[in-house]
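# Architecture and fold: a report
Each chain, written out:
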Amino acid sequence: MKTIESNPLPTVQDPDLAPIREKVLRGSRLTIDDGLQLYGTHDLWSVCGLADLVRRRMHGDVAYYNVNRHLNYTNVCALSCHFCAFARKRGDEGAYEFTIEEVRAEARKAVESGATEMHVVGGLHPWHPFDFYIDMVRAIREVAPSIHIKAFTAVEIVHLARISKRGRDGADGIREVLQDLRGAGLGSLPGGGAEVFDDRIHDEAFKGKIRADAWMDVHRIAHELGLHTNATMLYGHIEGRAERVRHMAILRSQQDETLRDWACSQGHGSDGIVVLTGPNEQYSGERLPTMASCKTGWYQACIPLPFIPDDSTLERLHGPSGLENLRTIAIARLMLDNIPHMKAFWIMQTLPLSQLMLQMGGADDIDGTVVWYDITKVDGCGTHQETGVEELRRLIREAGLRPQERDTFYRPVHRDGADWSIE
Ligand code: SF4
């Protein structure tokens, strides 16, 4: 089998990047200072070259996509985060709330379209009781028994723990809520609501929302319960590059903890550090955790999300440029050496830039066919944001990669129209 090291190794134009290149070639962990240097260099293409080496070590020439359906069940939210253009108060123009019957209808459409996953998130509805959320998950499970339900950001989970009225809060309440939701059909958690792990930024831009420690608690408990999760980073608003690199280092450190036992059992991480990006791999994916080998859940993917200022109260900001988006995902790939997948979320990155990220920015996943996405709208797009499988596959092939449909756990999907099975 061919190894990536038989391809020419990337060089760097900026001599200051040479020590980082050496680390990447060796498979050594990068420091926060390294991350800052990758942001500071003019030599973006060398940063991308290193990220692409790592991506090819981990995933070979495969690029993943999935057939999914997003459901934003309400935009009514008790909070008013400055960067949010999605939330409304009840009675505001454009405010909406799905009923359980409407959720059921969405699940039916997901089945008809051949989706393998429903991605369900919404605002923190001030009046829905906890049972509404259980009923919603059950309704999807009844209508779509084979579809994976990825639902509720950590922020929503904390909200549900508060309203579940068990007389418990903190970790016990979160654990009980996750167990109840899992009992109803929840399969994993998405990565939203992380924003940027920094208390100053938090208090300025999304005060009222949970802070980093609570967000991490939800994901830690989910992992302990065997639920997989993802992790996002919303960047390009009032944070700086240093806060982004620290955010990556915090996620990496939590993943170290999550994977420690597995890593020791596999002969990785004897020093407590789990690096999955090193050389000498027979790609793809042989050093990555699998459901058979690792009993806990873990962060499957990181999804850097560029801030889109339109219609938010931070509209005065211009948001990150295309080059900054490319640089950020490449740095995330290099820094997050223990998170298997790096996702270019095309809804927010746009399809053309996502294609570039797959080819040279370290991304291995372009997310899915989506259909309905109401959280952000790029360049005036409506809420009906949909791309077809053929379009995704074409973009991936044009990037020189091999398209592979995946399920939520990155297992290959065998498809025949709307019928599908896991290979
Ligand atoms: S970001 Fe989430 S919690 Fe904040 S206002 Fe928007 S929907 Fe509500």
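Structure first, text after, so check above.
Now for a description of the structure that goes with this document. All of these numbers come straight from a predicted model, not from anything done at the bench. (Residues numbered from 1 in each chain as written. Predicted model: local features only at pLDDT ≥ 70, side-chain atom pairs only at ≥ 80, totals over all residues.)

Let us now look at the nonpolar core. Grouped burial of nonpolar side chains is what soluble globular proteins tend to show. With 115 residues, the main nonpolar core has M118, I140, I157, C302 and L334 as its most contacted residues. The residues touching I140, leaving out its near neighbours within four places in the chain, are V103, A107, M118, I149 and G185. (Core = buried A, V, L, I, M, F, W, Y, C linked by C-beta atoms within 7 Å. Buried ≥ 20, exposed ≤ 12 C-beta atoms within 10 Å, placed from the backbone. Contact = placed C-beta atoms within 7 Å.)

Residues in close proximity to the ligand include C77, L79, S80, C81, C84, F86, A87, G123, L124, V155, F206 and K209, which together make up its full environment. Counted by class, the shell around the ligand contains nine nonpolar, two polar and one charged residues. (Near = placed C-beta within 6 Å. Nonpolar A, V, L, I, M, F, W, Y, C, P; charged D, E, K, R; others polar.)

Our next topic: helix α9 (residues 212–224). For α9, with 13 residues, the first-to-last C-alpha span of 18 Å sits near the 18 Å given by 1.5 Å per residue. Looking only at α9, the buried set comprises W215, M216, V218, H219, I221, A222 and H223. Turning to α9, the residues buried within the fold contact α6 (154–163), α7 (170–184), β5 (186–189), β6 (228–235) and α10 (241–265). One or two positions beyond α9, positive phi appears at G226, with a value near 90°. (Helix = DSSP H or I, 4+ residues; strand = E, 2+ residues; numbered from the N terminus. Expected span 1.5 Å × (residues − 1).)

Time to look at unusual backbone geometry. The backbone of D367 shows a phi angle near 65°, a positive value even though the residue is not glycine. Inspection of the secondary structure puts D367 in strand β9 (residues 365–368). By the C-beta count within 10 Å, which is 24 here, D367 ends up buried. Positive phi, normally seen in glycine, also occurs at Y410, with a value near 65°. Relative to the helices and strands, Y410 resides in the loop between β10 (402–405) and β11 (413–416).

This next bit is on the sheet that holds β5. The seven strands lie next to each other as β2-β3-β4-β5-β6-β7-β8, forming an open sheet whose pairing is parallel. Taken across any chain shown, the strands that pair with only one partner, and hence form the sheet edges, are β2 (68–72) and β8 (341–342). Where β5 lies against β6, two bridges are found, and the strand directions are parallel. Counterpart to S188 in the pairing with β6 is H228. Along the sheet, helix α5 (residues 130–143) contacts β3 (117–121), β4 (148–151) and β5; its crossing angle with β4, the most-contacted strand, is approximately 155°. (Pairing = 2+ DSSP bridges. Axes fitted to C-alpha atoms, helices over the stretch in contact; angles between N-to-C directions.)

With that out of the way, let us pick up the sheet that holds strand β1 (residues 62–66). Across the sheet, three strands lie side by side as β9-β1-β10; this open sheet has parallel pairing. Because the sheet does not close on itself, it has two edges, and the strands there are β9 and β10. Within this sheet the neighbouring strands show an average axis-to-axis angle of 25°, counted without direction. Two elements, β1 and β9, share two bridges in a ladder whose sense is parallel.

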